[in-house]
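# Residue-level structure breakdown
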Amino acid sequence: MSNPYVPLLVLMGIAAVLALGGVGASAILGPKRYNRAKLDAYECGIEPTPHAIGGGRFPIKYYLVAMTFIVFDIEVVFLYPWAVSFAELATFGLVAMLAFIALITVPFVYEWKRGGFEWD
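The structure presented is a predicted model; accordingly, all values stated were derived computationally and were not measured.

## Observations concerning the packing of aromatic side chains
- Within the structure shown, the criterion is met by three aromatic pairs.
- Here Trp 82 and Phe 86 contribute two aromatic rings whose centre-to-centre distance is 5.2 Å and whose plane-to-plane angle is 80°, an arrangement assigned as edge-to-face.

This is the structure we're talking about:
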């Protein structure tokens, strides 16, 4: 009788060998034609400009977009399993999810007030 995790470990080993083999093969077999454009930092094809002396500040929109992504991500991670097992959770599950939705509404309201949903 074998361990039930052996097929999983074999699959993980095969995946690691293929991933590392692909990276190694491209490093050995791939062309090595370096130029100034390939060695520069990627800036969407635009020459990078020097920063202001004070360093400058990022607009709040960058952080609001990141926060929106995280909030939606967390919401889906918790709502999907809840919806799948809704019948077993009964009233406790409903109350817990209403509390969760009330808590998750706070960042949405904050972002709405800061103008995160208005795209220029």
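Now that the structure is up, let's keep going.
## Things to note about unusual backbone geometry
- Positioned with a positive phi, Ala 90 is a non-glycine residue whose angle comes to about 55°.
- Looking at the secondary structure, you find Ala 90 in helix α4 (residues 86-114).
- Using a relative accessible area of 45% as the deciding quantity, one classes Ala 90 as partly exposed.

## Brief notes about a nonpolar patch on the surface
- On the surface, Phe 69, Ile 70, Ile 74, Val 77 and Phe 78 cluster together into a nonpolar patch covering about 500 Å² of accessible area.
- Mapped onto the elements of the fold, Ile 70 is located in helix α3 (residues 60-84).

## Quick notes on the UniProt feature "transmembrane region" (unreviewed entry) in the chain
- Sequence positions flagged by UniProt for "transmembrane region" (unreviewed entry) are, in local numbering, residues 6-29, 62-83 and 89-110.
- Secondary structure over residues 62-83 splits into 100% helix and 0% strand, and the C-alpha atoms at its two ends are 32 Å apart.
- In this annotation, residues 89-110 is assigned 100% helix and 0% strand; the end-to-end C-alpha distance for the span is 31 Å.

## Some words on the side chain of Thr 68
- Inspection of the secondary structure puts Thr 68 in helix α3.
- Leave out the neighbours within four places in its chain, and Thr 68 touches Glu 111 and Phe 117.

## Focus: the nonpolar core
- Counting five residues, the largest nonpolar core is built from Val 71, Met 97, Phe 100, Ile 104 and Phe 108.
- Here the element with the most residues in this core is α4; it accounts for four residues.
- Ignoring any residue separated from it by four or fewer positions in sequence, one finds Ile 104 in contact with Val 71, Ile 74 and Glu 75.

Cut-offs applied
Throughout, residues of each chain are indexed from 1 in the direction in which the sequence is written. Residues qualify for local features only when their pLDDT is at least 70, as the model is predicted, and side-chain atom pairs are given and counted only at 80 or more; totals for whole chains, interfaces and linings, by contrast, use all residues. To get the side-chain values, all heavy atoms of the structure are used, and hydrogens and water are removed first. The pairing test for Phe, Tyr and Trp rings, Trp by its six-membered ring, is centres within 6.5 Å, and the orientation test on the planes gives stacked under 30 degrees, edge-to-face over 60, and tilted for anything in between. Helix and strand assignments follow DSSP, with helices taken as H or I runs no shorter than four residues and strands as E runs no shorter than two, numbered in order from the N terminus. Working definition: with a 1.4 Å probe on protein chains only, accessible area under 20% of the residue-type maximum means buried, over 50% means exposed, and in between means partly exposed. To count toward a patch, a residue needs a relative accessible area above 30% and no salt bridge. Like charges then connect within 9 Å, nonpolar side chains (Val, Leu, Ile, Met, Phe, Trp, Tyr) within 5 Å. Only the protein chains shown count as cover for residues, and the accessible areas themselves come from Shrake-Rupley with a 1.4 Å probe. By definition here, a salt bridge exists when the distance from a side-chain nitrogen of Lys or Arg to a carboxyl oxygen of Asp or Glu is within 4 Å. UniProt positions are given in the numbering used here, feature names are shortened, and annotations may be inferred rather than shown by experiment. Every residue pair with non-hydrogen atoms within 4.5 Å of one another is taken to be in contact. The term nonpolar core refers to a set of buried residues drawn from Ala, Val, Leu, Ile, Met, Phe, Trp, Tyr and Cys, joined through side-chain atoms within 4.5 Å.

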